[in-house]
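These are the residues of each chain, in order.
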Amino acid sequence: MKQVYDAIVIGSGASGGAVAHQLCQAGFKVAMLEKGRLIRREEFSKDELAYCRRDSVTPNLFDEYHTIEEWEEGEGGKGKWVETPTYESNWSFWNGNIVGGSSNLMSGMLHRMHPDDFRLLTKYGAIEGANIVDWPITYSDMEPYYALVEELVGISGKAQAHSFEPPRSKPDFTQPPTSENQVVTLFDKSCKALKVTPLVTPRAVLSRDKGNRKACYYSNFCGSYGCSSGAKGSSREAFIGPALGTGNLTLLTNTHVKRLESDKDRVTSVVTVNTVTGEEQKMTARIFVVAAQAHESARLLLNSANDYHPDGLGNSSGELGKNLIFSAGGSGQGVLRQKSLKGISFDALMQRGLFINRSVLDWYAIDGKRGEKMKGGLVEFMFEHQNNISRAAKTRYSGEKLRWGKDLEEALKETFLEGKSIRFEIFNDWLPTDNCFVALDKKRKDKYGMPVGKLRINGHSHDLKVASGIAGKCEAILQKMGAEEVYSFVSAVPPQNLVAGGCRFGDDPKHSVLNRNCQSHDLPNLYIADASFMPTGGSTPYTWTIYANALRIADYIIAELQK
Amino acid sequence: MKRRWFLGLCAVGSVSVLCASAQKPKAGISNEIYNVIAAVQQHMFPVGSSIPSAIAFRATQFTAETMMHPTYDKDIRKFVIEGAKELQSREKHQFLNYDTRQREKALRAYEETGYGSGWLDRIMLLSLEGLLSDPLYGGNSRELGWKALQTKGGDPRPTSRYVQS
């Protein structure tokens, strides 16, 4: 077991790619271990069956799975936690196990966190049942890295003045916004009539060529698919490709890390298994960066318990795996129909591929019942995903009866030919609680013989209250646009692709897993780069913050390696 | 639906008898089962509609190839086969001889059962996948599904099934 690497990075998603890129650019030798395979830009297609309806880029759930614990209400106010392995529910918590991770498959609607998100406790106060803390760093610590992400990843957008728009060090984005469907004129007009400010959504999609990456070609199928032009700012395109170009990155695909080994003070090696051949080996380096996605990073450290660290690596605080959070809130939809459409032509509405590109920040803080300020959230507006099979499948029921024959024909034609649906997604804080965490399932193991992660999932009632209030305002916008069949849905069911927490960072080793540089309090050559570090999540999708924080801690790691 | 729910029901009643008496499967699916699935799909997607018929878009060929592919969920594969056997059993092996009215009555009655409604839903989903997936997978023959609904898949289109290299 010869040490040839300065750093081993476990995982190739947004954070792993960003850290590896910075280290390689600084001249350090890095091994990146990715359990999935490499799908090159030219290999991606818009294959709905493969990417959206089968486990083509995630593990077979009979081989690798999670156990999900949910609260089930019982009679007389009593209830119990019920656990279900995901091979039974088919509710996969894997996200894009390929080089570049789930960043290949994102929609790319990105937002910075607001300065108040870094001091949620101080700004808005405690909430009963929620483990809210301030971050150990401030927005000003992160801002230069948000700006660097704009440049390196290539975020298109438009700087706009708004009371909840975080301050920027750069006057504007390096890429102008992507092209928009004419429906935005109707959207903007409706917002203004309701005294709502529509904002152009920053998007990790190139509107202009950038190096060897080509601008967006408006394929009509973006989220859930890999990008065939390189426009989407995935970790693979933005970071791993350039890192490979330095000659300092060794990318090892089909390489799953079973556990880390350590002595009392340092991680000494990783134990890997080749997912194709089953061959196991050990690798070592000076430092180890875990970036396996939040719930899997915590599981890996828990599965790495040894005599020196019997509760898992980096777990002297007992906080490892706790305070898991998700980026969620609610969603809603309405359909613009040809017969009632006003202001734009039906052909313009039905034009394929162009984005809506609108978000609303007006409700990032809202008034509570007693007039107190409460943290609210942001809203993204978009077309309903244009996947053909899933849109058709939504038409298949009339009440509880399946449609078929003439009934199905009419429903399909109405959906595909007579209108287009606009959707909104609400992102408000998922408050961290004692009942949302990842632990090891002592009864179940994956095909590699390691205990699977058991995720207890529970949302705080406050989150639902906030989302419900915002949903009503969003419905009003759609109704003003003339949309029909407007509805919204608020729930504590999490999106499994937007997960954070479990290794929260902080200055007190007794109450946090990582220090402010995402370095283990217990093992100084161990870093967690993914969204695990986040003690609270803000009211945004996490990706921009994950990228920015990874670049931030990369600077610290480089300084440590240079010592 | 939870897998164990329908698998639990699968083990009851006449199904186990049918399991023993089924024809030797060709590539894992017997002629009888294939024909039952085809008949159900043809009832769901009849000839004479502006939407392609099950025959036209090759619904059953697609279904058979899809569910027998090694990447397809093994429990759902079993469920599709067992559910067809159960329908045959309920209808005393006469379903294939029924006219349209009788098939409608039989399928709606089957839908009244939890097991039957789950099975019909699965057949419908497989059919819609066959109608609108890339023709590479064996359905959506001549892109008839896309043409009928004035849509198409995205570009680039797949050149191999299930992202196989």
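No experiment lies behind these values; they were computed from the predicted model shown.

Draft legend 1. Fine view of the sheet that holds strand S3 (residues 67-73) of chain A. Residues and elements named next belong to chain A. Here we have four strands laid out as an open sheet, ordered S4-S3-S21-S20, and mixed in their pairing. At either end of the open sheet lies a strand with only one pairing partner, and these are strand S4 (79-85) and strand S20 (437-445). Along the sheet, successive strands turn relative to each other by an average axial angle of 35°, direction set aside. In the packing of helix H8 (residues 294-302) onto the sheet, the strands contacted are S20 and strand S21 (451-456), and the crossing angle to S20 comes to about 60°.

Draft legend 2. Quick peek at the interface of chain A and chain B. Tallying the contact residues gives 42 residues for chain A and 49 residues for chain B. Between chain A and chain B, a total of about 3900 Å² is buried, with carbon and sulfur atoms accounting for 57% of that surface. Per-residue buried area on chain A facing chain B is highest for Arg54(A), Glu88(A) and Trp404(A); these three make up 19% of the total on that side. For the pair chain A and chain B, the number of links is five salt bridges.

Draft legend 3. Molecular detail of the nonpolar core. Counting residues in hydrophobic clusters, the biggest one holds 96 residues, and the most contacted among them are Ile8(A), Ile10(A), Leu23(A), Trp135(A), Leu260(A), Val270(A) and Leu526(A). Looking at this core element by element, the count peaks at 11 residues for helix H13 (residues 543-562) of chain A. One finds Phe44(A), Leu402(A), Phe79(B) and Trp146(B) within the second-largest nonpolar core, a separate group that totals 59 residues.

Draft legend 4. Up close: the confidence of the model for chain B. All names here are of chain B. With 83% of its residues at a pLDDT of 70 or more, chain B shows a mean pLDDT of 87. The low-confidence segment residues 1-26, where pLDDT is below 50, has 41 contacts with residues more than four positions distant or belonging to other chains. Across the whole predicted complex the pTM is 0.95, and at the interface the ipTM reaches 0.93.

Draft legend 5. Main features of the pattern of salt bridges. In the structure shown here, the tally under the stated rule is 45 salt bridges over all chains. The partner of Glu83(A) in a salt bridge is Arg444(A), with the nearest N and O atoms 2.8 Å apart. With a gap of 361 residues between them, Glu83(A) in strand S4 and Arg444(A) in strand S20 connect regions that are remote in the sequence. For the pair formed by Glu83(A) and Arg444(A), the shared burial category is buried. In this structure, Lys401(A) engages Glu112(B) in a salt bridge whose closest nitrogen and oxygen atoms are separated by 2.3 Å. With Lys401(A) in strand S18 (residues 401-402) and Glu112(B) in the loop between helix H6 (100-111) and helix H7 (114-132), this residue pair bridges two chains. Each of the salt bridges in this network shares a partner with another, and the network as a whole consists of Glu69(A), Glu83(A), Asp441(A), Lys443(A), Arg444(A), Lys454(A) and Arg456(A).

Draft legend 6. Quick look at the side chain of Ser304(A). With respect to the element layout, Ser304(A) can be found in the loop between H8 and strand S11 (322-326). Excluding residues that lie within four positions of it along the chain, Ser304(A) makes contacts with Arg259(A), Leu260(A) and Leu313(A).

Draft legend 7. The side chain of Arg391(A), seen in detail. You can see Arg391(A) is positioned in helix H10 (residues 388-394). Of the side chains with opposite charge, Glu384(A) comes closest to the buried, unpaired Arg391(A), at an N-O distance of 5.0 Å. Look past the residues within four positions of Arg391(A) in its chain and what remains in contact with it is Glu384(A), His385(A), Gln386(A), Thr415(A), Phe416(A) and Thr151(B).

Draft legend 8. Up close: unusual backbone geometry. Going from Asp155(B) to Pro156(B), the amide bond is cis rather than trans, its omega being 0°. Within the secondary structure, Pro156(B) is located in the segment after helix H8 (144-148). Positive phi, normally seen in glycine, also occurs at Asn357(A), with a value near 60°. A relative accessible area of 1% means that Asn357(A) is categorised as buried. Its identity is not glycine, yet Arg58(B) carries a phi of approximately 60°, on the positive side. As for its placement among the helices and strands, Arg58(B) is situated in the loop between helix H3 (31-44) and helix H4 (59-67).

Draft legend 9. Spotlight on the packing of aromatic side chains. Inspection of the entire model under this criterion finds 27 aromatic pairs over all chains. When the ring of Phe118(A) is compared with that of Tyr139(A), the centres are 6.0 Å apart and the planes differ by 80°; the resulting orientation is edge-to-face. One end of the pair, Phe118(A), is in the loop between helix H3 (86-89) and helix H4 (120-124); the other, Tyr139(A), is in helix H5 (residues 139-154), with 21 residues separating them in the sequence. For the pair shown, Phe118(A) and Tyr139(A) are each scored as buried. A connected cluster of aromatic rings, assembled from ring pairs, spans Phe118(A), Trp135(A), Tyr139(A), Tyr146(A), Phe173(A), Phe505(A), Phe533(A) and Trp544(A). Across the ring face of Phe62(A), the terminal group of Lys74(B) is positioned such that the distance to the ring centre comes to 4.4 Å.

Draft legend 10. Fine view of the pairing of strand S6 (residues 249-252) of chain A. Residues and elements named next belong to chain A. Going residue by residue along S6, you find Leu249 and Leu251 tucked away on one face and Thr250 and Leu252 left uncovered on the opposite face. Here four bridges tie strand S2 (residues 30-33) to S6, and the two strands are oriented parallel to one another. Looking across to S6, one finds that Leu33 is bridged to Leu252.

Draft legend 11. Broad picture of the sheet that holds strand S7 (residues 255-262) of chain A. Residues and elements named next belong to chain A. As summarised here, the arrangement of the three strands in space is S7-S8-S9, forming an open sheet in which the pairing is antiparallel. A strand with exactly one partner marks an edge of an open sheet, and here the two such strands are S7 and strand S9 (280-283). For this sheet, the mean angle separating the axes of adjacent strands, direction not counted, is 25°.

Draft legend 12. Inspection of the state of the cysteines at higher detail. Residues and elements named next belong to chain A. For the structure on display, the rule yields zero disulfides over all chains. Left unpaired, Cys24 is separated from the closest cysteine sulfur, that of Cys518, by 19 Å. Its relative accessible area of 1% is what places Cys24 among the buried residues. In this structure Cys503 is not part of a disulfide, and its nearest cysteine sulfur, from Cys518, lies 9.5 Å away.

Parameters at a glance
Residues numbered from 1 in each chain as written. Chains lettered and ligands numbered in written order. Predicted model: local features only at pLDDT ≥ 70, side-chain atom pairs only at ≥ 80, totals over all residues. Heavy atoms only, no water. Pairing = 2+ DSSP bridges. Helix = DSSP H or I, 4+ residues; strand = E, 2+ residues; numbered from the N terminus. Axes fitted to C-alpha atoms, helices over the stretch in contact; angles between N-to-C directions. Contact = heavy atoms within 4.5 Å. Buried area = accessible area lost by both parts, 1.4 Å probe. Salt bridge = Lys/Arg side-chain N within 4 Å of Asp/Glu carboxyl O. Core = buried A, V, L, I, M, F, W, Y, C linked by side-chain atoms within 4.5 Å. Buried < 20%, exposed > 50% of the residue type's maximum accessible area, 1.4 Å probe, protein only. pLDDT = per-residue confidence, 0-100. Lys, Arg positive; Asp, Glu negative; His and termini not counted. Phe/Tyr/Trp six-rings, centres within 6.5 Å; stacked < 30°, edge-to-face > 60°. Lys NZ or Arg CZ within 6 Å of the ring centre and 35° of its normal. Disulfide = S-S within 2.5 Å.

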